[in-house]
Amino acid sequence: MIRIIMHGCNGKMGQVIRGLLEADGDAKLVAGIDVFDDGKSPYPVFTDIRECDVEADCLVDFSTAGAVDRMLDYCVEKKLPCVLCTTGLGEEQLKKADQAAKAIALLRSANMSLGINLLLKLLKNAAGVLAPAGFDMEIVEKHHNLKVDAPSGTAIALADAINEELDGTYSYTYDRSVRRERRPEKEIGISAVRGGTIVGDHDVIFAGPDEVITFSHRAYSKAVFGKGAVQAAKFLAGKPAGRYDMSDVIEAAL
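Here goes a summary of the coordinates provided.

Section: the pattern of salt bridges
Per the counting criterion, the structure on display carries 21 salt bridges. The salt bridge involving Glu22 is made with Arg18; its shortest N-O contact spans 3.2 Å. Of this pair, Glu22 and Arg18 both sit in helix α1 (residues 12-22), separated by 4 residues, roughly a single helical turn. For Glu22, a relative accessible area of 57% puts it in the exposed group. Put simply, Glu138 and Arg183 hold a salt bridge, and the shortest N to O gap is 2.8 Å. Within this pair, whereas Glu138 is found in strand β7 (residues 136-143), its partner Arg183 is found in the loop between β8 (171-173) and β9 (187-194), the two being separated by 45 residues in sequence. For Glu138, a relative accessible area of 18% translates into the label buried. When salt bridges that share partners are traced, they join Asp136, Glu138, Arg176, Arg179, Glu181, Arg183 and Glu187 into one network.

Here we look at the environment of Phe135
Counting through the fold element by element, Phe135 comes out in the loop between α4 (114-130) and β7. According to the relative accessible area criterion, Phe135 is buried, its value standing at 5%. Linking Phe135 and Val45, residues 90 residues apart in sequence, is a C-alpha distance of 52 Å. Ignoring anything within four residues of it in the chain, the contact list for Phe135 reads Leu130, Phe206, Ala207, Gly208, Pro209 and Glu211.

Some remarks on the layout of surface pockets
Of the volumes computed, that of the second largest pocket is approximately 280 Å³. If you go around the second largest pocket, you meet 15 residues; those closest to its centre are His7, Ile33, Asp34, Val35 and Ala67. A breakdown of the residues in the lining of the second largest pocket according to their chemical character gives 5 nonpolar, 7 polar and 3 charged.

Here we look at the nonpolar core
If you look at the biggest cluster of nonpolar residues, it comprises 31 residues, and the most contacted ones within it are Val60, Phe62, Val83, Leu107 and Met112. Only β1 (2-7), α1, β2 (27-33), β4 (58-61), β6 (105-108), α6 (223-236) and α7 (246-253) provide two or more residues apiece to this core. Ranked by residues supplied to this core, first place goes to α6 with 7 residues. When residues no more than four places from it in sequence are discounted, the contact partners of Leu107 are Cys82, Val83, Leu84, Met112, Ala232, Phe235, Leu236, Tyr244, Asp245, Met246 and Val249.

Structural notes on the pairing of strand β11 (residues 211-219)
As paired strands, strand β10 (residues 200-208) and β11 are joined by 9 bridges and run antiparallel to one another. Within β11, the position partnered with Asp201 by the bridge is Arg218.

Some remarks on the packing of α4 against helix α5 (residues 153-165)
Interaxial distance between α4 and α5 falls to 8 Å at its minimum, and their mutual angle equals 35°. Considering how the two elements wind past one another, α4 and α5 form a crossing that is right-handed. Here Ile116, Leu119, Leu120, Leu123, Lys124, Ala127 and Gly128 of α4 come into contact with α5, specifically with Thr154, Ala157, Leu158, Ala161, Ile162, Glu164 and Glu165. For the contact of α4 with α5, a count of residues per class yields 9 nonpolar, 2 polar and 3 charged.

Observations regarding α7
Along α7, the residues classified as buried are Met246, Val249 and Ile250. End-on, the buried residues of α7 take up no more than an arc of 100°, which puts them together on one face. Buried residues belonging to α7 abut β6, α4 and α6.

Considerations on the packing of aromatic side chains
When we look at a pair of aromatic rings, we describe it by the centre distance and by the angle of the planes. Enumeration according to the criterion identifies 2 aromatic pairs in this entry. Relative to Phe215, the ring of Phe206 lies with its centre 5.8 Å away and its plane at 75°, an arrangement referred to as edge-to-face. Pairing Phe235 with Tyr244 gives two aromatic rings, centres 5.9 Å apart and planes at 75°, and the pair type is edge-to-face. Comparing Phe235 with Tyr244 shows no difference in burial state: the two are buried. The ring of Phe235 has Lys239 sitting right over it, with the charged end atom 4.3 Å from the ring centre.

Criteria and cut-off values
- Residues numbered from 1 in each chain as written.
- Predicted model: local features only at pLDDT ≥ 70, side-chain atom pairs only at ≥ 80, totals over all residues.
- Heavy atoms only, no water.
- Salt bridge = Lys/Arg side-chain N within 4 Å of Asp/Glu carboxyl O.
- Helix = DSSP H or I, 4+ residues; strand = E, 2+ residues; numbered from the N terminus.
- Buried < 20%, exposed > 50% of the residue type's maximum accessible area, 1.4 Å probe, protein only.
- Contact = heavy atoms within 4.5 Å.
- 1 Å grid on protein atoms, 1.4 Å probe; cavity = no way out; pocket = protein on both sides within 12 Å on 5 of 7 lines; lining within 4 Å.
- Points joined across faces, edges and corners; volume = space filled by probe spheres on them.
- Nonpolar A, V, L, I, M, F, W, Y, C, P; charged D, E, K, R; others polar.
- Core = buried A, V, L, I, M, F, W, Y, C linked by side-chain atoms within 4.5 Å.
- Pairing = 2+ DSSP bridges.
- Axes fitted to C-alpha atoms, helices over the stretch in contact; angles between N-to-C directions.
- Left-handed = near helix turned anticlockwise from the far one by under 90°.
- Arc of directions from axis to C-beta.
- Phe/Tyr/Trp six-rings, centres within 6.5 Å; stacked < 30°, edge-to-face > 60°.
- Lys NZ or Arg CZ within 6 Å of the ring centre and 35° of its normal.

Function cannot be read off these values alone, since they describe shape.
Written as structure tokens, this is what we have:
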């Protein structure tokens with residue numbers, strides 16, 4: 001049984017993961033960390049992470065960027081593996097996460113969905129075959145109207161996976177309205193759509209001579225990210241210090 005501490009336990013993702021673990025026979029929540037505690041959780045909740053004295057095998061973090069520094073310090077002090085899911089981290093925080101990974105097992109990914117991370121692997125194979133055959137590559141991502149960043153971090157990760165396979169020779173274009181010229185050959189176009197309550201849609205289009213191949217991923221609820229985080233925690237528990245990502249979780253499952 002994998003014992004998990006949930007950092008940000010009373011947030012939306014914290015509650016999603018709580019529900020998932022209540023039905024999981026291999027892992028359980030043993031403590032939560034959150035600035036707010038209504039006293040209704042079936043496990044102890046600490047409003048100050050430094051007061052948490054519960055033994056665990058892994059910490060899952062879905063909190064805020066402002067809480068990440070103290071969380072990393074806690075995990076390093078306790079030698080506690082960490083699944084870092086909070087987005088919007090600054091450069092100094094990313095460096096701190098890299099430094100922490102020298103002391104603990106730390107997993108961080110642009111998107112925690114198992115489906116997206118499998119897609120990253122598939123895209124590399126597709127790009128290696130289709131780009132040399134003259135296929136153009138475009139990414140269209142769609143999210144809810146409350147999302148403030150564009151394009152999404154996942155869209156950039158998809159483009160990076162393609163570009164890595166192609167030795168980094170492609171540039172990214174986000175807006176063609178400011179130019180009047182034909183599409184360059186070595187370009188990946190990335191478009192963002194914002195509206196309604198779309199959880200997350202990503203289409204990767206390979207458009208070639210007389211045929212089009214599209215890889216699509218649709219997230220219908222935030223549960224897909226919670227499921228990935230739980231899988232990551234199970235994978236990370238007991239691992240030696242180092243940086244891990246969801247590709248390692250995918251490889252272990254194959």
